[in-house]
Amino acid sequence: MPKICSPITDISCLPRIASKVESVLNKALRLARFSRTPRQHPRTKLCIIGSGAAAHTAAIYGSRAELHPILFEGNLANNVAPGGQLTTTTEVENFPGFPKPVLGPELTERFRAQSLTFGTQIFTETVTQVNFLDTPFKVNTDKRTVIADTVIIATGAVAKRLYFHGAGDDGFWNRGISSCAVCDGAAPNFRNKPLAVIGGGDLAMEEALFLTKFGSKVYIIHRRDAFQASKILQRRVFENSKIEILWNSEAIEAFGDEEKVANLGGLNIKNNVTGEVSKLKVSGLFFAIGHEPATGFLEGQVELDREGYIVTEAGTTRTSVRGIFAAGDVQDKRWRQAVTAAGTGCMAALEAEHFLQEMGDQEGKKHR
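The text that follows walks through the structure, step by step, so that each part is easy to find. (Residues numbered from 1 in each chain as written. Predicted model: local features only at pLDDT ≥ 70, side-chain atom pairs only at ≥ 80, totals over all residues. Heavy atoms only, no water.)

## A few points about the overall build of the protein chain
Secondary structure assignment for the protein chain yields seven helices and 19 strands. By the burial criterion, 46% of the 368 residues in the protein chain qualify as buried. The long-range fraction of contacts in the protein chain, counting pairs at least 24 apart against all pairs at least 6 apart in sequence, stands at 59%. Per element, the accessible surface of the protein chain, about 20,200 Å² overall, is 52% carbon and sulfur. (Helix = DSSP H or I, 4+ residues; strand = E, 2+ residues; numbered from the N terminus. Buried < 20%, exposed > 50% of the residue type's maximum accessible area, 1.4 Å probe, protein only. Contact = heavy atoms within 4.5 Å. Areas by Shrake-Rupley, 256 points an atom, 1.4 Å probe, with all protein chains shown as cover.)

## Quick word on the environment of glycine 62
Looking at where glycine 62 falls in the secondary structure, it is placed in helix H2 (residues 53–64). For the pair glycine 62 and isoleucine 48, spaced 14 residues apart in sequence, the C-alpha separation works out to 9.5 Å. In contact with glycine 62, other than residues within four places in its own chain, are Leu46, Leu67, His68, Pro69 and Ala349.

## Let's talk about the sheet that holds strand S16 (residues 277–281)
Spatial strand order, S14-S15-S16: three strands in an open sheet with antiparallel pairing. Edge positions in the sheet fall to strand S14 (249–256) and S16, since each has one partner strand and no second. For this sheet, the mean inter-axis angle between neighbouring strands, taken without regard to orientation, is 30 degrees. Examined bridge by bridge, S14 and strand S15 (residues 264–271) share seven bridges and lie antiparallel to one another. Each residue of the ladder has a partner; that of glycine 256, found in S15, is leucine 264. (Pairing = 2+ DSSP bridges. Axes fitted to C-alpha atoms, helices over the stretch in contact; angles between N-to-C directions.)

## Some remarks on the state of the cysteines
Inspection of every chain in the model, using the stated rule, returns one disulfide. Shown here is the disulfide that connects cysteine 180 with cysteine 183, its sulfur atoms set 2.1 Å apart. When the S-S torsion is 70 degrees, as for the bridge of cysteine 180 with cysteine 183, the disulfide is right-handed. The buried category is assigned to cysteine 180, whose relative accessible area is 15%. On the basis of relative accessible area, cysteine 183 is assigned to the partly exposed category, the value being 27%. (Disulfide = S-S within 2.5 Å.)

## Quick look at the pairing of strand S12 (residues 217–221)
When you tally the buried positions in S12, you get four out of five residues, the bulk of the element. Across five bridges, the pairing between strand S11 (residues 194–198) and S12 is parallel. Counterpart to proline 194 in the pairing with S12 is lysine 217. Handedness of the crossover is the feature at issue here: the chain leaves S11, passes through helix H5 (residues 202–211), returns alongside S12, and the resulting connection is right-handed. Judged from the four bridges that link them, S12 and strand S13 (residues 243–246) form a sheet pairing that is parallel. The partner of valine 218 across the bridge, within S13, is isoleucine 243. At this point the chain moves from S12, through helix H6 (residues 231–239), to the parallel S13, and the crossover so formed is right-handed. (Right-handed = clockwise from strand over helix to strand, strands pointing away.)

## Examining the sheet that holds strand S10 (residues 177–178)
Reading across from one edge, S10-S17-S11-S12-S13 is the order of the five strands in this open sheet, with parallel pairing throughout. Strands with a single pairing partner mark the edges of an open sheet, and in this sheet they are S10 and S13. Bridging between S10 and strand S17 (residues 284–287) involves two bridges; their strand directions are parallel. From the neighbouring strand, isoleucine 177 faces S17, where its bridge partner is leucine 285. Running over the sheet, H5 touches S11, S12, S13 and S17 and is turned about 170 degrees from S11.

## Section: the nonpolar core
Counting 28 residues, the largest nonpolar core has Ile48, Leu107 and Ile152 as the members making the most contacts within it. Put simply, the parts of the chain that give this core at least two residues each are strand S1 (43–50), H2, helix H3 (104–117), strand S8 (145–154) and helix H7 (338–366). Among residues more than four places away in sequence, those in contact with isoleucine 48 are Ala55, Ala58, Ala59, Pro69, Ile70, Leu71, Phe72 and Ile152. Judged by nonpolar contacts, the second largest core, of 23 residues, contains Phe190, Leu211, Phe227 and Ile243. (Core = buried A, V, L, I, M, F, W, Y, C linked by side-chain atoms within 4.5 Å.)

Shown next as structure tokens:
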């Protein structure tokens, strides 16, 4: 019977066992190197970064112009699902073509399906780095590097939120709490009901004034004793009888409606001066504390303003780099609507097409 080598009973077996382990590990490493997928370097006339209305409109126009676009829709980029801010909304009532409200996620799925129908190649990957200093341009994800003649950046801007108790995704977010009064303020559950806005800048003033068209009363909750908004907007707010301001105050908790517990019923408000906590019954709460453009990955490759938005030439989508275009909320800090984003997506695709035509004409002249 052959002797069984055991390091427990015979220490001389250790070198032999170590040698076998090393052999197995080396074989596994060779197999891993052999099976590793090589990094891809696809080439395209047009690369689009984004997944919302601007990105897919650009993709549709680019595809119909036979630019064969590649689109990176991201993989939970900025903690938002592919489709952008629309995926965080419920019913959309102000996008043309839908007589009845359409759910935000459903609308973005239709955008995506139309892009695919016309031949856009879509990757669910997040762009981590770009190189716009040399041409052709390079767009990198963890899996591939796309070589592109033109690029459209349509990564959007994320609305800033507060996360006190009851305000998160597991609370009343999208069930009474929103970050866009223009998008959601006209919804039936907000009409003729008391509403609240948190903020102290121009955005908060504009949202509060807009909500007075629908709500029975609008409260502005501000943590300080003065606004940062422009004087003209402040005056309009102060003169509006439907608006009441809660100075030096913060919302610390959201609670449900007594009849419809799944919907927002009110807020616990803390006075920062006295420390007193009181209840405020509202059916809607709107955060108006600003947006953060998704431009961190650009790392100085194109000109940004002091807030991080991409700077474009007036009336165009052209950026500081020829051949690079920007569309949607990543370059629009005023309107921030799906339909305006779609419009700039169209502009960007047409401008990219014209740019490529010009480059082709110049190249043709060189060879005459």
